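Commentary on secondary and tertiary structure
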Amino acid sequence: MSKRWRLLVSLLLTGLMGCGAKSEPEHAEAEHDPSEATVTVQTLPAKKGKLAELIEGLGRTEAIPDHLATLTPAVEGHVETLLVKQGQSVKKGQPIVELDKSVALADLAEKEATRDGLKASLILLKSLPRPEERKANELAIAQAKVAVVRAKATADRLRPLLARHEAADATVFDAEQAVEQALLQQQSAEALLRSTMIGPRPEAVAEAEAKIKTAEGLVAFSKAHLAFHVIRAPIDGVLDSLTCHPGQTLSVGSPIGEIVDSRQAYAVVWLPPRSAQAVHEGLAAQVAPADATPSHAEVEEEGEKGEAHEPAEETALPGQVESISRMADPQTGNLAVRVLVENPKGRIALGQTVRATIVIEEREDVLQVPAVAVFDLGEGPVIGVVRDGKSVMLHPKIGTKQGAWVEVSDVDLKEGELVITEGGYNLPDGTTIELAEPPAVASAEAGK
């Protein structure tokens, strides 16, 4: 029993000695001054510059209504020639498909012949007698005058004989009637010459002109019908699709292809009602493929690594808000915002998923710090600043955020001061600071 007690007593003393040895360093550490500790942090300088309040949204591009045209034949016919290949650029009015024109050409020729015949008839109607025809009328008048002279001479010889009862009354009467008849023939010849020289009746001319006008209309109709045998591009753009082939019979109105002009397009993005209320027509915007421009969440993720990452501006296209929908989506409650995008080089395809960044307000000379430098310990936003090699905790007012940067105000912070972006969470004031090399420099040194 005595050996067992001695063993227990020795184990107890060993444990007490171990506890005493451990408590002494802890006490020493508790009494250590925090200002004597050195903490390595990463920093970025505060800056002043342009800052914009932005609203982002995802959506898809779609064609402007008058920038999308469907090719449809206006007449039935057989496809004779395809004049443009799919994917080629075309100009408005450029021939795309040509149909067989043989029947239409024959119909036009018939209508033109009828019209030309009516025109010739009108010219003939309006024309004056030719010199030869006029000469014949003048000779007829001269002949009638000669007949009048002869008839008068005969009557003049018979009248004295009648007075002497040497001629019968009937003979003298016949001679006088012959004079009257000769005079009538002279007047008739003169009237005929006058009528031929004054031209046709106005009514006859009007009737002939009306017939020509009707014939002209039929010719115009035939020409239009013939023109419809060539299907032309309604707009400038690219022949995006063409589904017909030579020998195929096309019916009226059947779609055979599409022409798309994507130099301008709509980006339709959906925003919550609260965000959409801040948007109005005319606001500037940037539109980029959804996989090319990082979202704010992605920017913050990069910022947590100490990198101030901005959106890839080279992939963004300029745009302008054109309209905001007045009807919410029944499933999500979001509103559609339509942004007109300038896409001259076709970098964004129609139907592509895009990210639109709308500039609500833009201000100059705004004091900013990296968003990852701001943290909250329950008493409001806090940022750490390096001054004279020591940490200083400031309590700013946070404003607009753009990308990896955020506006700060109501704080004793100057442009260019180093703001702690990593390693300064809950750091006491007065802690000695050692600046870490930027990640890019450290990687380069490691590579050596």
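Residues numbered from 1 in each chain as written. Predicted model: local features only at pLDDT ≥ 70, side-chain atom pairs only at ≥ 80, totals over all residues. Heavy atoms only, no water.

Considerations on the side chain of E407
- Here E407 shows up in strand β20 (residues 405–409).
- Engagement of the side chain of E407 in a polar contact is seen with the side chain of R363, the distance being 2.5 Å.
- Apart from the residues lying within four places of it in its own chain, the contact partners of E407 are L51, R363, V366, L367, Q368, K397, I398, G399 and T400. (Helix = DSSP H or I, 4+ residues; strand = E, 2+ residues; numbered from the N terminus. Polar contact = N/O pair within 3.5 Å; in protein donor to acceptor, adjacent residues only side chain to side chain. Contact = heavy atoms within 4.5 Å.)

Focus: the nonpolar core
- Among the nonpolar cores identified, the biggest contains 20 residues, and L271, V279, V287, V321, V337, V339 and I358 are the most heavily contacted of them.
- Elements with a minimum of two residues in this core: β11 (264–271), β12 (284–289), β13 (317–324), β14 (335–342) and β15 (353–370).
- For this core, the leading source of residues is β14, giving four residues.
- Core analysis: the second largest hydrophobic core is formed by 18 residues, A69, V97, C244 and I259 among them. (Core = buried A, V, L, I, M, F, W, Y, C linked by side-chain atoms within 4.5 Å. Buried < 20%, exposed > 50% of the residue type's maximum accessible area, 1.4 Å probe, protein only.)

Regarding the confidence of the model for the chain
- Per-residue pLDDT for the chain averages 84, and the proportion of residues at 70 or more is 85%.
- The secondary structure element of the chain with the lowest average pLDDT is helix α8 (residues 439–447), at 43, and the one with the highest is strand β6 (residues 95–99), at 97.
- For residues 1–5, every residue scores under 50 in pLDDT, and the model assigns this stretch zero contacts once sequence neighbours within four places are set aside.
- Within the model, pLDDT remains below 50 along residues 440–448, and this stretch shows two contacts once partners closer than five positions in the same chain are excluded. (pLDDT = per-residue confidence, 0-100.)

Re the packing of aromatic side chains
- Taken as a whole and judged by the stated rule, the model has one aromatic pair.
- Measuring from ring centre to ring centre gives 5.1 Å for F375 and Y425, while their planes differ by 55°; the resulting arrangement is tilted. Highlighted residues: F375 in strand β16 (residues 375–376) and Y425 in the loop between β21 (418–422) and β22 (432–435), separated in sequence by 50 residues.
- On the basis of relative accessibility, which here comes to 56%, the residue Y425 falls in the exposed class.
- Its end group placed over the ring of W405, K47 keeps NZ or CZ at 4.1 Å from the ring centre.
- It is R338 that lies over the ring of Y266; its NZ or CZ is 5.2 Å from the centre. (Phe/Tyr/Trp six-rings, centres within 6.5 Å; stacked < 30°, edge-to-face > 60°. Lys NZ or Arg CZ within 6 Å of the ring centre and 35° of its normal.)

A closer look at the sheet that holds strand β7 (residues 230–232)
- What the four strands build is an open sheet, ordered β7-β6-β4-β9; its pairing is antiparallel. Edge positions in the sheet fall to β7 and β9 (249–250), since each has one partner strand and no second.
- As defined by bridge partners, strand β4 (residues 77–82) adjoins β6 across three bridges and the pair is classed as antiparallel. In the strand pairing of β6, L82 is matched with V97. (Pairing = 2+ DSSP bridges.)

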